[in-house]
Amino acid sequence: FAESSCEYQKDTSQSADNGAIYSDCQLGAPSLTVSCSDSADLSGCNNNRNANKANKGVEVWTRIVQSPGLYQGLTCEQAAAAENKANGGGKMDVQCDGRGICRE
């Protein structure tokens, strides 16, 4: 048996249209799982012989899916990309594995 205060917060990410409920995917905060320096090939950087050489690397951010969304709301990939754009970030690839994890 559990007690309840019967308090609730309205979820503004949901809207109703003709009885259908739309809800966007909800993602947790991003967590850096692979840094750029961890992914770059630094083997050509010994003894400053190639001081002008540019090394490429990628960052991988992981997010937990808190709610996958309903009906025609944003998918988790779309929600992550929209949030990144709103925060001033550039284009990124997002892949969600269907088990509650998205990688950006």
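Residues numbered from 1 in each chain as written. Predicted model: local features only at pLDDT ≥ 70, side-chain atom pairs only at ≥ 80, totals over all residues. Heavy atoms only, no water.

Notes on the overall build of the chain
- Within the chain one finds two helices and seven strands.
- Put simply, the chain runs from its N terminus to its C terminus through helices and strands in the order β-β-β-β-α-β-α-β-β.
- Put simply, the chain has 104 residues, and 17% of those count as buried.
- In the chain, of all internal contacts separated by at least 6 residues, the share reaching a separation of at least 24 is 61%.
- Summed over all atoms, the accessible surface of the chain reaches about 8,300 Å², with 47% contributed by carbon and sulfur. (Helix = DSSP H or I, 4+ residues; strand = E, 2+ residues; numbered from the N terminus. Buried < 20%, exposed > 50% of the residue type's maximum accessible area, 1.4 Å probe, protein only. Contact = heavy atoms within 4.5 Å. Areas by Shrake-Rupley, 256 points an atom, 1.4 Å probe, with all protein chains shown as cover.)

Observations regarding helix α2 (residues 76-86)
- Of the positions making up α2, those classed as buried are Cys76, Ala79 and Ala80. Axial view of α2: buried residues confined to an arc of 95°, hence all on one face.
- In this structure, the buried side of α2 is in contact with β3 (26-27), β5 (60-67), β6 (95-96) and β7 (101-103).
- Gly88 lies just past α2 and shows a positive phi near 85°. (Arc of directions from axis to C-beta.)

What about the pattern of salt bridges?
- Applying the stated criterion to the full structure yields four salt bridges.
- Put simply, Glu104 and Arg63 hold a salt bridge, and the shortest N to O gap is 3.2 Å. One end of the pair, Glu104, is in the segment after β7; the other, Arg63, is in strand β5, with 41 residues separating them in the sequence.
- Judged by its relative accessible area of 3%, Arg63 is buried.
- Between Asp97 and Arg99 there is a salt bridge whose closest N-O contact spans 3.5 Å.
- Residue Arg99 is classed as exposed on the basis of its relative accessible area of 71%.
- Several salt bridges converge on common partners, so that one network encompasses Arg63, Glu83 and Glu104. (Salt bridge = Lys/Arg side-chain N within 4 Å of Asp/Glu carboxyl O.)

Focus: the nonpolar core
- Cys25, Leu27, Cys76, Ala79, Ala80, Val94 and Cys102 together form the largest nonpolar core, which totals seven residues.
- Top contributing element to this core by residue count: α2, with three residues.
- In this structure Val94 touches Glu77, Ala80, Ala81, Arg103 and Glu104, once residues within four positions along its chain are discounted. (Core = buried A, V, L, I, M, F, W, Y, C linked by side-chain atoms within 4.5 Å.)

Focus on the pairing of β5
- Pairing geometry for β3 and β5, over two bridges, is antiparallel. In the sheet register, Gln26 faces β5, and the bridge partner there is Ser67.
- As paired elements, β5 and β7 share three bridges and run antiparallel to each other. Bridged to Thr62 within β7 is Arg103. (Pairing = 2+ DSSP bridges.)

Section: the state of the cysteines
- Scanning the model with the defined rule gives two disulfides in all.
- Across the disulfide from Cys25 sits Cys76; the S-S distance is 2.0 Å. Between Cys25 and Cys76, the disulfide has an S-S torsion of 85° and is therefore right-handed. A residue pair is termed long-range when its members are at least 10 positions apart, and Cys25 in the loop between β2 (20-23) and β3 and Cys76 in helix α2 qualify at 51 residues.
- What makes Cys25 buried here is its relative accessible area of 5%.
- By relative accessible area, which is 10% here, Cys76 ends up buried.
- Each sulfur in the disulfide pair Cys96 and Cys102 lies 2.0 Å from the other. Around the S-S axis, the bridge from Cys96 to Cys102 shows a dihedral of about 105° and counts as right-handed.
- Exposure remark for Cys96: the relative accessible area of 23% places this residue in the partly exposed category.
- Residue classification places Cys102 among the buried residues on the basis of a relative accessible area of 0%. (Disulfide = S-S within 2.5 Å.)

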